2 protein chains.
Amino acid sequence: MAETWAILGRAIHAPAAVETLPRALIIITGDGKIGTVDPSVSPQDTRLRAFRSAGRLIELAEDQVLLPGLVDLHVHAPQFPQLGTALDRPLAEWLQTHTFPLERRYADLAFAESVYQRLVDTLLAHGTTTALYFSTIHLPATQRLAEICLARGQRALVGRVAMDHLEQCPDDYRDASAETAIADTRALIDFIRAMPGNDAGLVRPAVTPRFVPACTDELLAGLGALAREAGCHVQTHCSESDWAHHHVKARCGCSDAEALDRAGLLGRRSVLAHANFIGPADAARIRLRGAAVAHCPLSNIYFAGAVFPLRVMLAEGLRIGLGSDIAGGASASLFEAARQAVACSRMLESGTNPALPAARRGVPGSRVDFRTAFRLATAGGGEARDLPIGLFRPGYAFDAVMLQSGLPDGQVVFAPEDEGETVLERIVMGGGRGDIAAVWVAGRLVRARGG
Amino acid sequence: MAETWAILGRAIHAPAAVETLPRALIIITGDGKIGTVDPSVSPQDTRLRAFRSAGRLIELAEDQVLLPGLVDLHVHAPQFPQLGTALDRPLAEWLQTHTFPLERRYADLAFAESVYQRLVDTLLAHGTTTALYFSTIHLPATQRLAEICLARGQRALVGRVAMDHLEQCPDDYRDASAETAIADTRALIDFIRAMPGNDAGLVRPAVTPRFVPACTDELLAGLGALAREAGCHVQTHCSESDWAHHHVKARCGCSDAEALDRAGLLGRRSVLAHANFIGPADAARIRLRGAAVAHCPLSNIYFAGAVFPLRVMLAEGLRIGLGSDIAGGASASLFEAARQAVACSRMLESGTNPALPAARRGVPGSRVDFRTAFRLATAGGGEARDLPIGLFRPGYAFDAVMLQSGLPDGQVVFAPEDEGETVLERIVMGGGRGDIAAVWVAGRLVRARGG
């Protein structure tokens, strides 16, 4: 076990409201967890001297700030090569002409390895310390993704996509049967849990039905049983678009949330991507089961046709975090997702059509601000993931990003008089990869500028 | 006069549709203009050998691409220090509590100089080769901004903001009278035109009434007469928000566009920021006068309350470019403005309220794609500015940015099989400062990676 070390400087997190720790001393124990958080330590504190003389104190400069690591609740790992392309196509064409042919290529393990290494490195560089990955139907490539996350030190949920529906999946990219899909999912769970060096569970498996339309009832029920039996996470899509929402209603006679619930796929460890078209009954059901929502504003612009009513759903008590939805979303930056969450909430509130009178244009009371978006990207993601991450609090994992003002390729510059909230606002509204100086996961430095 | 030189490589621009020049040879004459464009030169071309042996050929690698320099039609230079802050405040509070107190500080020339140098450098690093700047009411600071643009080699319009209305401007930040505002505007015009080294007009003056509500009728008319007399550009705001739109209607009995037209401020060299609430009659008037619109999607999210109907206005024949609207917009990147233009157009088309049926949610036919957004950011800006910039075409200025795939802090990675349009889509949907390797204005290298 590594030695205890400490970090000193301005830190900002969001237990509920945003909280600035003006001169925090955070002590990280050898297991990568936070032992102590002192929000405003005195320069005379004897612990500082002790850590400093032992060479185990990182001291932030005035122009640096520490945030919890970002939690990306929805990433399609195999789609990374098509990032930023074909978004002007309708969803069906995007999937059939661009996405499925790409995903098929992950039968080639060498191709998978090259993409997944680049993806994990890229997300770490963007400050994403935890990612929830959909892979493809290929077990070996999915295993490789899990190994890469572990080797690179990124906290992750990894799921092999299950999709067996004859009409909704292409002939050359589909599980042979519900049975084989379930067997491969089980094999992945066993593989990940047995990976050498994964005793602490940095990487965990997730049961991953693509979405209800792509899965037979038999597959959904089988995966629900497996998730319960194995006690593992579940990730899937839920009511993303008008089409998906109405398709499930027509096929199952109920909403996505209810269909997932019937199959035993809606529980405290379930993360539902999108949920744009859930109604009050769905929201109540999701809350009752303790499931979480991955809000993906970047992709919703292109493929949803509406804005997820984030503020209402937060008020309903749902646990919600953010997803980049690579590659339906065009950015690997969760900061970009966070500011788009703010932007979309504003456009839901104001409406968009200038030909309508203001009073009839939008949905009053829909806006969220940078504080909420930041919370979703950190503590909200941790809650959705049902793990102690996303806060600077004893017992939580030390997953953190250090941002620095005025870096050569950075976009953020703090003013000397900026208070913590203003620093945070600048970061959320304008920050990106170029502003990140260092990244830690479970107490381990996984990325440093120039390193 | 400098020597003729040439650049060879993949270039993409948008004369009308997007056009890829797969292996372009662009010859730049000593005056910084494009002499020749050969879209697909043979490796055996004798000109290549001649330029190469003279050490006057820049050869792009496979992973590099040349685009026209970006034209930012709307920048509030003094607001740069507040970039990314206070956007959750209503416009009136944002102006009175944050913006006006900041703008007042430009009475301090040293402060102005430090901000403006950083701003111009930042915009060049973001690939903005032409910017239209509003400054403050302070003549010396505005002169300094013009000098900095010229020294740094950025093409610019610079305007001293005129604002004399007793009720709409704060007592401590207002022109003393219409007369002094006009005199100072005239002094700026004379100063900029006489700047040593500005013979080619790299930096030009703009008559800049803040917006109709902030100006008395006397000031508007006086500035209109001055613009006509001096033959110079005009920049102002137009129908940005419900409030501004209705305020002008109540005060002037007409729309912003008509009020500006009456004052002689609507001509071929006028750039109107926003124009979100213009109706068909305004659009016809703007087209008739040949004025242009600076579409500012990033700030409209926060301060407009609706989406500019971009596609309809393009179909109406308006000349339209993009503006960052620093600091109402939180990003200095025109690529970020471009992708938000696409996003906003999609959200106008689809609507935002998931509780409405899809058919009643939005405004069909409103979407634009990355091609249109790119055109606005380059050729569209050039047309709006009424200058030969924004295209790789003989006689046009050589204002260009070179982007490179996979740079250390970059966000864009091209695939080997990417065609020109796909490369462009990746850049527009995901690119930023970290992807820019070099920037030229008027044939001069003004920014290079590591330089």
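Residues numbered from 1 in each chain as written. Chains lettered and ligands numbered in written order. Predicted model: local features only at pLDDT ≥ 70, side-chain atom pairs only at ≥ 80, totals over all residues. Heavy atoms only, no water.

**Some details on the relation of the copies chain A and chain B**
Logical step 1: Screw-axis analysis of chain A against chain B gives a translation of 0.0 Å along the axis, an RMSD of 0.0 Å, and a rotation angle of 180°. The operation mapping one copy onto its partner corresponds to a two-fold rotation axis.
Logical step 2: A share of 100% of the interface residues of chain A reappears at the interface of chain B, consistent with the copies meeting face to face through the same patch. (Least-squares fit on C-alpha atoms with pLDDT ≥ 70 in both. Contact = heavy atoms within 4.5 Å.)

**Looking at the interface of chain A and chain B**
Logical step 1: Listed by partner, the interface residues are 55 residues for chain A and 55 residues for chain B.
Logical step 2: Note on chain A versus chain B: buried area summed over both sides is about 4400 Å², and carbon and sulfur give 46% of it.
Logical step 3: In this assembly, chain A and chain B are joined by 8 salt bridges.
Logical step 4: Two residues, A:Arg339 and B:Glu336, come together in a salt bridge whose shortest N-O distance is 3.0 Å. (Buried area = accessible area lost by both parts, 1.4 Å probe. Salt bridge = Lys/Arg side-chain N within 4 Å of Asp/Glu carboxyl O.)

**Some thoughts on the confidence of the model for chain A**
Logical step 1: For chain A, per-residue confidence averages 96 on the pLDDT scale, and 99% of positions sit at 70 or higher.
Logical step 2: Reported confidence for the predicted complex is 0.96 by ipTM and 0.97 by pTM. (pLDDT = per-residue confidence, 0-100.)

**Regarding the domain arrangement of chain A**
Residues and elements named next belong to chain A.
Logical step 1: Along its sequence, chain A is carved into domain 1 (5–68 + 392–448) and domain 2 (70–385).
Logical step 2: Distance from the C-alpha centre of domain 1 to the C-alpha centre of domain 2: 29 Å.
Logical step 3: In this assembly, 32 residues from domain 1 lie in contact with 25 residues from domain 2.
Logical step 4: Carbon and sulfur atoms supply 65% of the area buried between domain 1 and domain 2, which totals about 2300 Å² over both sides.
Logical step 5: If you sort the residues of domain 1 by the area they bury against domain 2, Val428, Arg433 and Val441 come out on top, with a joint share of 24%.
Logical step 6: Along the contact surface separating domain 1 from domain 2 lie 2 salt bridges.
Logical step 7: Residue assignment for the side of domain 1 that touches domain 2 shows that the elements contributing at least two residues are strand 1 (5–13), strand 5 (64–68), strand 15 (400–404), helix 14 (420–430), strand 16 (436–441) and strand 17 (444–448).
Logical step 8: In terms of residue count, helix 14 provides more of the side of domain 1 that touches domain 2 than any other element does, 7 residues in total.
Logical step 9: Split into classes, the residues belonging to the side of domain 1 that touches domain 2 amount to 21 nonpolar, 5 polar and 6 charged. (Domains from an automatic or database assignment. Helix = DSSP H or I, 4+ residues; strand = E, 2+ residues; numbered from the N terminus. Nonpolar A, V, L, I, M, F, W, Y, C, P; charged D, E, K, R; others polar.)

**A short note on the pairing of strand 10 (residues 203–209) of chain A**
When a strand is regular, its side chains alternate between the sheet's two faces.
Residue and element names in this part refer to chain A.
Logical step 1: Judged by how many residues are buried, strand 10 sits mostly within the fold: 6 of 7 residues are covered.
Logical step 2: With 3 bridges connecting them, strand 8 (residues 155–159) and strand 10 associate as parallel partners. Bridged to alanine 156 within strand 10 is valine 203.
Logical step 3: Here strand 9 (residues 161–162) pairs with strand 10 via 2 bridges, running parallel. In the strand pairing of strand 10, alanine 162 is matched with proline 209.
Logical step 4: Once you follow strand 9 into helix 5 (residues 178–194) and on to strand 10, the crossover reads as right-handed.
Logical step 5: At this point the chain moves from strand 10, through helix 6 (residues 217–230), to the parallel strand 11 (residues 233–238), and the crossover so formed is right-handed. (Buried < 20%, exposed > 50% of the residue type's maximum accessible area, 1.4 Å probe, protein only. Pairing = 2+ DSSP bridges. Right-handed = clockwise from strand over helix to strand, strands pointing away.)

**Quick look at the side chain of A:Asp175**
Residue and element names in this part refer to chain A.
Logical step 1: Note on placement: aspartate 175 falls in the loop between strand 9 and helix 5.
Logical step 2: A distance of 2.7 Å separates the side chain of aspartate 175 from the backbone nitrogen of methionine 163, its partner in a polar contact.
Logical step 3: Leaving out residues up to four positions away in the same chain, aspartate 175 has contacts with Ile137, Arg160, Val161, Ala162, Met163, Asp164, Thr180 and Ala181. (Polar contact = N/O pair within 3.5 Å; in protein donor to acceptor, adjacent residues only side chain to side chain.)

**Examining the side chain of A:Asp399**
Residues and elements named next belong to chain A.
Logical step 1: By secondary structure assignment, the location of aspartate 399 is in the loop between helix 13 (370–385) and strand 15.
Logical step 2: Of the residues examined, aspartate 399 reaches a relative accessible area of 4% and is grouped as buried.
Logical step 3: Side-chain polar atoms of aspartate 399 contact the side chain of arginine 155, separated by 2.7 Å.
Logical step 4: Every residue in contact with aspartate 399, bar those within four places of it in the chain, is listed here: Leu67, Pro68, Gly69, Thr129, Thr130, Arg155, Ile389, Phe392, Trp440, Val441 and Ala442.

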